[in-house]
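# Structural overview for review
Chain by chain, the residues:
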Amino acid sequence: HLKYRRHPTTTIEHYKMKRRKANDPVAIQEAGKRCYHDGDYERAFEYFSKAIDIEAGDADAEAEAHYCLSFMYRDGKGIGRDAQKRVYHLEEAAIGGHPKARHDLGVHEVYQGRIERAARLSSYPPT
């Protein structure tokens with residue numbers, strides 16, 4: 001006599017949905033990434049923005065969401081290109097300790113001719 005189990009994917013998706021409904025910033029940010037990779041840029045933007053707006057959220061998830069928004073503004077997928085907003089979100093992510101954001105912001109600063117600022121961004125630990 002065999003017992004039938006739920007398909008593992010159904011259980012995982014149910015868990016993720018519960019975490020999003022509970023305003024778990026990590027689950028929301030991850031949903032944004034999934035939407036982005038599936039080409040649903042409008043929903044990705046909504047999820048990333050929500051992950052940032054959650055009060056008392058997870059700082060790493062917030063920094064990652066800012067970083068993701070920075071490349072959405074860079075590439076213009078679903079929201080149009082906006083260099084100022086891209087830099088704003090890179091700065092917020094870098095302040096949050098996101099290493100890739102610090103690197104990308106440093107590269108941006110080099111292109112802007114602000115070498116000293118770029119050098120500070122590339123130093124570790126942050127100064």
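Parameters at a glance
Residues numbered from 1 in each chain as written. Predicted model: local features only at pLDDT ≥ 70, side-chain atom pairs only at ≥ 80, totals over all residues. Heavy atoms only, no water. Axes fitted to C-alpha atoms, helices over the stretch in contact; angles between N-to-C directions. Helix = DSSP H or I, 4+ residues; strand = E, 2+ residues; numbered from the N terminus. Parallel < 35°, antiparallel > 145°, perpendicular 65-115°, else oblique. Left-handed = near helix turned anticlockwise from the far one by under 90°. Contact = heavy atoms within 4.5 Å. Nonpolar A, V, L, I, M, F, W, Y, C, P; charged D, E, K, R; others polar. Core = buried A, V, L, I, M, F, W, Y, C linked by side-chain atoms within 4.5 Å. Buried < 20%, exposed > 50% of the residue type's maximum accessible area, 1.4 Å probe, protein only.

## Focus on the packing of helix α4 (residues 59-75) against helix α5 (residues 83-95)
One can describe the packing of α4 onto α5 by two numbers: an axis separation of 8 Å at closest approach and a directional angle of 160°. Taken together, the axes of α4 and α5 lie roughly antiparallel to each other. Considering only the axes of α4 and α5, their crossing is left-handed. Facing α4, whose interface residues are Ala63, His66, Tyr67, Leu69, Ser70, Tyr73 and Arg74, α5 presents Lys85, Arg86, Tyr88, His89, Leu90, Glu92 and Ala93. Residues that form the contact of α4 with α5 fall into these classes: 7 nonpolar, 3 polar and 4 charged.

## With respect to the nonpolar core
Across soluble globular proteins, nonpolar side chains have a tendency to be buried as a group. By size, the foremost hydrophobic cluster in this structure holds 23 residues, and its most contacted members are Ala44, Phe48, Tyr67, Met72, Ala101 and Leu105. Elements with a contribution of two residues or more to this core: α2 (25-37), α3 (41-53), α4, α5 and α6 (99-111). A total of 6 residues in this core trace back to one element, the largest contributor, which is α4. In contact with phenylalanine 48, other than residues within four places in its own chain, are Gln29, Gly32, Lys33, Ala65, Cys68, Leu69 and Met72.

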